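What follows is each chain in one-letter form.
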Amino acid sequence: MEELTKRYGSTVAVDGLSFAVRPGCVTGFLGPNGAGKSTTLRMILGLDRPSGGRALIDGRAYAGLDRPLHTVGALLEGRCAHPGRRARDHLLYLARSNSIRDARVGEVLELVGLGAAAHRRAGGFSLGMGQRLGLAAALLGDPPILLLDEPVNGLDPEGVHWLRTLLRGYAAQGRTVLVSSHLMAETALTADRLIVIAGGRLIADVTVDEFVAGAPSLEAAFLKAVGR
Ligand SMILES: Nc1ncnc2c1ncn2[C@@H]1O[C@H](COP(=O)(O)OP(=O)(O)OP(=O)(O)O)[C@@H](O)[C@H]1O
């Protein structure tokens, strides 16, 4: 991110934000409600146009990537699939439009624990199942970069543990993982580094250990850093 800025009328959602997300570790993306996390992720993915600055992935804008799903796997807030579409069909459509082999769909459905629900319509999914389907889509292209907005939302304890293990494994393979969250305890368990923003501005770009140093917990350090 280079001086990334987004204004909605008189609201400055993201304000001159510059940071780099490193490969080989899990980076937690923290900030209070309205801090600009989702807007930043949307700009990285080319879903929102910056008012200023730029967001680059390996030196290129998302729109300029040859094979986006093979480069960046993303999970944004909200339902990703049409409610009338079956989970497997949703993923097959994504796979075929990105030159990903059909067999990969079965693999990611099993990976996220939706193997038995493959033929169910997304509209009947619980919040956690919807999150799992979104994660399946993000993992479809086996990308070296994962950008996940509140991925733990709605996951059951087994799902939270599974996701933590997956993200730590991805990072250990040298991949780049950026995860926004409001769950401080979970972030403390999952992340190595933190990007903390408030009011659209960068507050911290440090390791979790550096951020927490001297505070009783990540939550306490976060509340102090954002002035709450
Ligand atoms: N489409 C939009 N139109 C107008 N304002 C918007 C729009 N999207 C976001 N905003 C505003 O931009 C600011 C940042 O919002 P954003 O959703 O990026 O924050 P966030 O850090 O993801 O918050 P949360 O933790 O609550 O999800 C907020 O003031 C929000 O109201």
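Because the structure is predicted, anything quoted here is derived from the model rather than measured. For every chain, the first residue of the written sequence is number 1, and numbering continues from 1 onward in sequence order. Given that this is a predicted model, residues contribute local features only at a pLDDT of at least 70 and side-chain atom pairs are listed and counted only at 80 or more, while totals for whole chains, interfaces and linings are drawn from all residues. Heavy atoms throughout the structure, all of them, feed into the side-chain values; hydrogens and water do not.

Student: Go over empty space enclosed by the protein with me, naming the residues and quoting the values.
Tutor: Every definition here rests on a 1 Å grid over the protein atoms only: cavities are sets of points where a 1.4 Å probe fits but cannot get out, pockets are open sets enclosed by protein on both sides within 12 Å along at least five of seven lines, and lining residues have some atom within 4 Å of a point. Grid points are joined across faces, edges and corners, and a volume is the space filled by probe spheres set on the points. Counting across every chain of the model gives one cavity of 30 Å³ or more. Every residue lining the largest cavity is counted, 16 residues in all, and those nearest its centre are Val152, Leu167, Val179, Glu186 and Thr190. Among the secondary structure elements, those contributing two or more residues to the lining of the largest cavity are strand E3 (25-30), helix H6 (157-172) and helix H7 (184-190). The residue makeup of the lining of the largest cavity, split by class, is nine nonpolar, five polar and two charged. Per the convention used, a helix needs a DSSP run of H or I reaching at least four residues, while a strand needs a run of E reaching at least two, with both numbered from the N terminus. Throughout this entry, Asp, Glu, Lys and Arg are counted as charged residues, while Ala, Val, Leu, Ile, Met, Phe, Trp, Tyr, Cys and Pro are counted as nonpolar. The remaining residues, Gly among them, count as polar.

Student: So what's going on with the sheet that holds E3? Residues and values would help.
Tutor: The strand order across the open sheet built from six strands is E5-E6-E7-E3-E8-E9, with neighbouring strands paired in mixed fashion. Looking at which strands have only one partner, the edges of the open sheet turn out to be strand E5 (72-75) and strand E9 (201-207). Adjacent strand axes in the sheet meet at a mean angle of 15 degrees when their direction is disregarded. Two strands pair if DSSP finds at least two bridges between them. Direction of pairing for E3 relative to strand E8 (residues 193-198): parallel, over a ladder of four bridges. Residue Phe29 lies in a different strand from E8, and its bridge partner there is Ile195. Note on contacts: a residue pair is in contact if any heavy atoms of the two residues lie within 4.5 Å. For every element, the axis is a line fit to its C-alpha atoms; helices are fit only across the contacting stretch, and the angle between N-to-C directions ranges from 0 to 180 degrees. Running over the sheet, helix H1 (residues 37-44) touches E3, strand E6 (145-149), strand E7 (176-180) and E8 and is turned about 145 degrees from E6.

Student: Tell me about the layout of surface pockets, and name the residues and values.
Tutor: Looking at the second largest pocket, its volume works out to about 270 Å³. If you trace the second largest pocket, you find 13 residues lining it, with Val21, Leu56, Ile57, Asp58 and Ile145 closest to the centre. Here the lining of the second largest pocket is composed, by residue class, of eleven nonpolar, one polar and one charged.

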